[in-house]
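Below, each chain spelled out in residue letters.
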Amino acid sequence: MAEQTPNQQDIPIFRMQKMYIKDFSFESPNAPKVFLARNQDPKVDFNLQLKNQKIDDDHSEVSIAITAKVLDKNNDDSVMFIVEIEHGAVFLMKNIPQEHHDRVLAVDCPLMLFPFTRQIVCQAAVDGGFMPFLMEPINFIALYDNAQRQPKDA
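Numbering of residues starts from 1 in every chain and runs along the sequence as written. A pLDDT threshold of at least 70 governs which residues receive local features in this predicted model, and a stricter bar of 80 or more applies before side-chain atom pairs are shown or counted, although totals over entire chains, interfaces and linings include all residues. Excluded from the side-chain calculation are hydrogens and water; included are all heavy atoms of the structure.

### Quick notes on the environment of Ile-85
Item 1. The numbering of helices and of strands both runs from the N terminus, where a helix is a DSSP run of H or I of at least 4 residues and a strand a run of E of at least 2. For Ile-85, the position within the fold is in strand E4 (residues 78–94).
Item 2. Throughout this description, buried means an accessible area under 20% of the type-specific maximum (1.4 Å probe, protein chains only), exposed means over 50%, and partly exposed covers the range between. Taking the relative accessible area as the measure of exposure, Ile-85 reaches 3% and is therefore buried.
Item 3. Taking the C-alpha atoms as reference, Ile-85 lies 15 Å from Gly-128; in sequence the two are 43 residues apart.
Item 4. Throughout, a residue-residue contact means that at least one pair of heavy atoms, one from each residue, lies within 4.5 Å. Once residues lying within four places of it in the same chain are set aside, the contact partners of Ile-85 are Asp-23, Phe-24, Ile-64, Ala-65, Ile-66, Thr-117, Ile-120 and Val-121.

### Points about empty space enclosed by the protein
Item 1. Each cavity reported here is a set of points on a 1 Å grid over the protein atoms alone in which a 1.4 Å probe fits but cannot get out, each pocket an open set with protein on both sides within 12 Å along at least five of seven lines, and each lining residue one with an atom within 4 Å of a point. Grid points are joined across faces, edges and corners, and a volume is the space filled by probe spheres set on the points. Evaluated as defined, the whole model comprises one cavity of 30 Å³ or more.
Item 2. The space that makes up the largest cavity amounts to roughly 30 Å³.
Item 3. Lining the largest cavity, in full, are Lys-54, Asp-56, Asp-57, Asp-58, His-59, Ser-60, Met-93 and His-101.
Item 4. Taken together, the residues that form the lining of the largest cavity break down as one nonpolar, three polar and four charged. Each residue receives one of three labels: charged for Asp, Glu, Lys and Arg, nonpolar for Ala, Val, Leu, Ile, Met, Phe, Trp, Tyr, Cys and Pro, and polar for the others, Gly being one of them.

Pasting the structure below:
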């Protein structure tokens with residue numbers, strides 16, 4: 001019996017092709033006073049948004065938009081710093097069944113992109129004179145699964 005091998009043209013291909021910063025802002029409105037405070041106890045207001053758009057038949061853009069406002073709880077919630085970033089990438093998705101596209105765009109792409117986004121934000125905090133700001137890992141699978149369970153409102 002002859003083994004069947006998939007046609008080379010039908011093999012699924014998935015990879016990040018290009019990564020880039022679409023928008024970035026770092027501000028420390030209370031510098032240099034903020035550096036003189038002792039026993040800083042940070043509190044973080046964090047907002048994350050995932051975006052995606054189809055570029056052509058085989059390419060999609062996925063971006064992670066994050067706003068993090070870091071406040072000093074011991075100093076009347078004064079702002080230590082605010083970082084905003086939209087970090088994007090172009091992904092090649094060829095021969096991937098259409099029914100898997102939403103999950104790939106919402107889970108696999110952000111999983112590949114987020115470690116780089118995290119590093120950019122961490123380095124910006126250090127360059128801004130603060131301790132490294134290490135965002136917790138994000139469970140994109142749980143976010144996607146929870147979004148799928150939400151009732152679809154018109």
